Amino acid sequence: MSAPARLVARSRPKTGERLALSAATAQGVHIATSEVPRWLERVRRCAGATVRRIPFAALDHWSFAPDTGDLRHRSGRFFTIEGLHVMRPGAQWQQPIIVQPEIGILGILAKEFDGVLHFLMQAKMEPGNPNLVQLSPTVQATRSNYTKAHGGAAVTYLEHFVEPDRQRVLTDVLQSEHGAWFYRKRNRNMIVETDGDVPAGDAFRWLTLGQIAELLRLDNVVNMDARTVLASAPAAAAEPRALSCDAGLLAWFTAERARQDVSVHRMPLREVAGWQADERSIGRADGRFFRVVAVSVEGAGREVAGWTQPIIEPVERGIVGFAHRVFDGVPHVLVHARVEGGFLDTAELAPTVQCAPANYPPSDPGPRPPFLDLMLDAPGDRIRYSAVHSEEGGRFVDAESRYLIVDTDEASTPTQPPPGYHWVTPGQLNWLAGHSRYVNVQARTLLAVLSTGAAGRTGRAA
């Protein structure tokens, strides 16, 4: 197990205060919030993109390696689909997994207009998005893409993030991605401020955090990459009177990581047990969890006009939720020290619930995830936030989860939670998200909701 990244003291209140002002500004100077979904739809129609499911044999430049069965691009770039063997005490499994060792850039450019920070957001097409075009960071590119391994056009605005002025960087941190589907994948999450003249192209608009918060209340508008970058931005200040001090929280999480006995190794895809392959998919014999399929993309309006690729398809929509309580006037959420086979460390802080309910039917005699029924059966007056968001559309197709923040009580979520769970304030979670490998990507989506105030005007009052 690698050592966790070194934490530094919380600071930079001025940056946090400027971000808080932007979050409190409901309308920007460039586009009305109500116009953004229509603008995204116009971009989608103008691109005229189509995504088709195809057999693996129709993949261009992709093939199964004769020795391992791994699915690879002939350039050796982009990513591979390999096998993974995960072993824990009392449990082990094998699965396909995406191996993409290169570190990409997820960067949002910020600039003040009328004294308020605005953020340059992109209407970006991804083949796995249910509605194809969603609001994304200014730059969202793998190293293979921005070094033009595909032979296509350059990435717009990339120069602001490759060698930024360190005095203009608001946040810059390596963050993990989905540990169940990626092997040790990380991206550089950045917000960089500029005072120069940066014209917004047709597929870009300047928005305040308040506008983005309003859009986070809508289904499938703000993409995963934008959500994770926003979650890493510093808050104005820490909340007082948390149930656990920062040192106590870190001691608990370090102990949780240390007690996990996890052994992980990559293996040939063709040797993965319990999975079956045909000409169009690789999936489990029981139909659970996910499958690997292939798609053809045309008219994408991207660096290249079209391409083919393998992609992961979950079997059903997931549920991702935070239990929310107020202790001594201070909001807290219940985090879970969750183990996933693809994490660089054994565990990261995850939401209270993170799963696909279809994988745990009531008829199954096996254990159900703790607190799952609490999320599924939550009455409307206790739901503080609810929206459907898709996951990373470049590698996953139709991968949606309903994200929830649910008010709970002592009977359902006790002050002393079960082992592996801990109450934290949003400020503590934000502090940890400013560092690598502490907060997982699903929890960062809900943190973006909390940090921007997207959950503050729905559900019951705090």
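See the structure above.
Only a predicted model underlies this, so the values are computations on that prediction, with no experimental measurement involved. (Residues numbered from 1 in each chain as written. Predicted model: local features only at pLDDT ≥ 70, side-chain atom pairs only at ≥ 80, totals over all residues. Heavy atoms only, no water.)

### A few points about the overall build of the protein chain
- Helix and strand counts for the protein chain stand at ten helices and 24 strands.
- By the compact-globule yardstick of 23 Å for 462 residues, the protein chain fits well, its C-alpha radius of gyration being 21 Å.
- Projected onto its principal axes, the C-alpha coordinates of the protein chain cover approximately 60 × 55 × 40 Å.
- The 462 residues of the protein chain split such that 56% are buried.
- Counting only contacts in the protein chain whose residues sit at least 6 apart along the sequence, the fraction spanning at least 24 positions is 74%.
- Surface accessibility of the protein chain: about 18600 Å² in total, with carbon and sulfur atoms responsible for 51%. (Helix = DSSP H or I, 4+ residues; strand = E, 2+ residues; numbered from the N terminus. Rg over C-alpha atoms; globule rule 2.2 N^0.38 Å. Buried < 20%, exposed > 50% of the residue type's maximum accessible area, 1.4 Å probe, protein only. Contact = heavy atoms within 4.5 Å. Areas by Shrake-Rupley, 256 points an atom, 1.4 Å probe, with all protein chains shown as cover.)

### Regarding the side chain of E391
- Among the structural elements, E391 can be located in the loop between β22 (383–390) and β23 (400–407).
- What makes E391 buried here is its relative accessible area of 6%.
- Leaving out residues up to four positions away in the same chain, E391 has contacts with N129, H178, M224, R227, F396, A399, S401 and Y403.

### Observations regarding the pattern of salt bridges
- What the rule picks out here adds up to 28 salt bridges.
- Of the charged contacts in the structure, one is a salt bridge between D70 and R72, with a shortest N-O distance of 3.4 Å.
- A residue is classified by how much of its surface remains accessible, and R72, at 34% relative accessible area, is partly exposed.
- We note a salt bridge from R291 to E313, for which the minimum N-O separation is 2.8 Å. Within this pair, whereas R291 is found in strand β16 (residues 290–298), its partner E313 is found in strand β17 (residues 306–314), the two being separated by 22 residues in sequence.
- Three or more residues joined by partner-sharing salt bridges are found here, namely R53, R291, E313 and D398. (Salt bridge = Lys/Arg side-chain N within 4 Å of Asp/Glu carboxyl O.)

### Quick notes on the packing of aromatic side chains
- All told, the structure shown has twelve aromatic pairs when counted by the stated rule.
- Summarising the aromatic geometry, the rings of F56 and F64 are spaced 5.3 Å apart at their centres and angled 85 degrees between planes, so their arrangement reads as edge-to-face.
- For the ring pair Y157 and F204, a centre distance of 4.8 Å and an interplane angle of 80 degrees mean the geometry is edge-to-face. With Y157 in the loop between α3 (143–146) and α4 (159–162) and F204 in strand β12 (residues 204–207), this residue pair connects regions lying 47 residues apart in the sequence.
- According to the relative accessible area criterion, F204 is buried, its value standing at 8%.
- A network of ring pairs unites the aromatic residues W181, F182, W275, F290 and F396 as a single cluster.
- The ring of Y403 has R227 lying over it, and the distance from NZ or CZ to the ring centre is 5.7 Å.
- The lysine or arginine in question, R257, covers the ring of Y438, its NZ or CZ lying 5.1 Å from the ring centre. (Phe/Tyr/Trp six-rings, centres within 6.5 Å; stacked < 30°, edge-to-face > 60°. Lys NZ or Arg CZ within 6 Å of the ring centre and 35° of its normal.)

### Concerning the nonpolar core
- In terms of nonpolar packing, the biggest core is built from 68 residues, with F119, L135 and Y385 touching the most fellow members.
- Listed in part, the 22 residues of the second largest apolar core include L71, F79, V292 and F396. (Core = buried A, V, L, I, M, F, W, Y, C linked by side-chain atoms within 4.5 Å.)

### Quick notes on the packing of helix α7 (residues 246–259) against helix α9 (residues 426–433)
- Across the interface, α7 lies against α9 with an axial gap of 11 Å and an inter-helix angle of 65 degrees. Crossing of α7 against α9: the hand is right-handed. Two secondary-structure elements touch here, α7 through D246, L249 and L250 and α9 through Q428, W431 and L432.
- Of the residues that constitute the contact of α7 with α9, the class distribution is four nonpolar, one polar and one charged. (Axes fitted to C-alpha atoms, helices over the stretch in contact; angles between N-to-C directions. Left-handed = near helix turned anticlockwise from the far one by under 90°. Nonpolar A, V, L, I, M, F, W, Y, C, P; charged D, E, K, R; others polar.)

### Structural notes on the packing of α9 against helix α10 (residues 441–452)
- Taken N-terminus to C-terminus, the directions of α9 and α10 make an angle of 120 degrees; their axes are 10 Å apart at the nearest point. Of the possible angle classes, the one that applies to α9 and α10 is oblique. Relative to α10, the crossing made by α9 is left-handed. From α9, P426, L429, N430 and A433 reach across to α10, where they touch L447, L450 and S451.
- When its residues are assigned to classes, the contact of α9 with α10 shows five nonpolar, two polar and no charged. (Parallel < 35°, antiparallel > 145°, perpendicular 65-115°, else oblique.)

### A look at helix α6 (residues 224–231)
- Among the eight residues of α6, eight are classified as buried, and the element is accordingly described as predominantly covered.
- For α6, the set of buried residues is M224, D225, A226, R227, T228, V229, L230 and A231.

### Quick look at helix α5 (residues 209–216)
- Of all eight residues in α5, seven are buried, a share of seventy percent or more.
- L209, G210, Q211, I212, A213, L215 and L216 are the residues of α5 that are buried.

### With respect to the pairing of β22
- Counting buried positions over the eight residues of β22 gives six, a clear majority of the element.
- Inspection of the sheet shows β22 paired to β23 by seven bridges, in the antiparallel sense. Paired with S386 across the strands is L404, a residue of β23. (Pairing = 2+ DSSP bridges.)

### Quick look at the environment of Q134
- On the secondary structure map, Q134 appears in strand β8 (residues 133–136).
- At 3.1 Å, the side chain of Q134 and the side chain of N131 are in polar contact. (Polar contact = N/O pair within 3.5 Å; in protein donor to acceptor, adjacent residues only side chain to side chain.)

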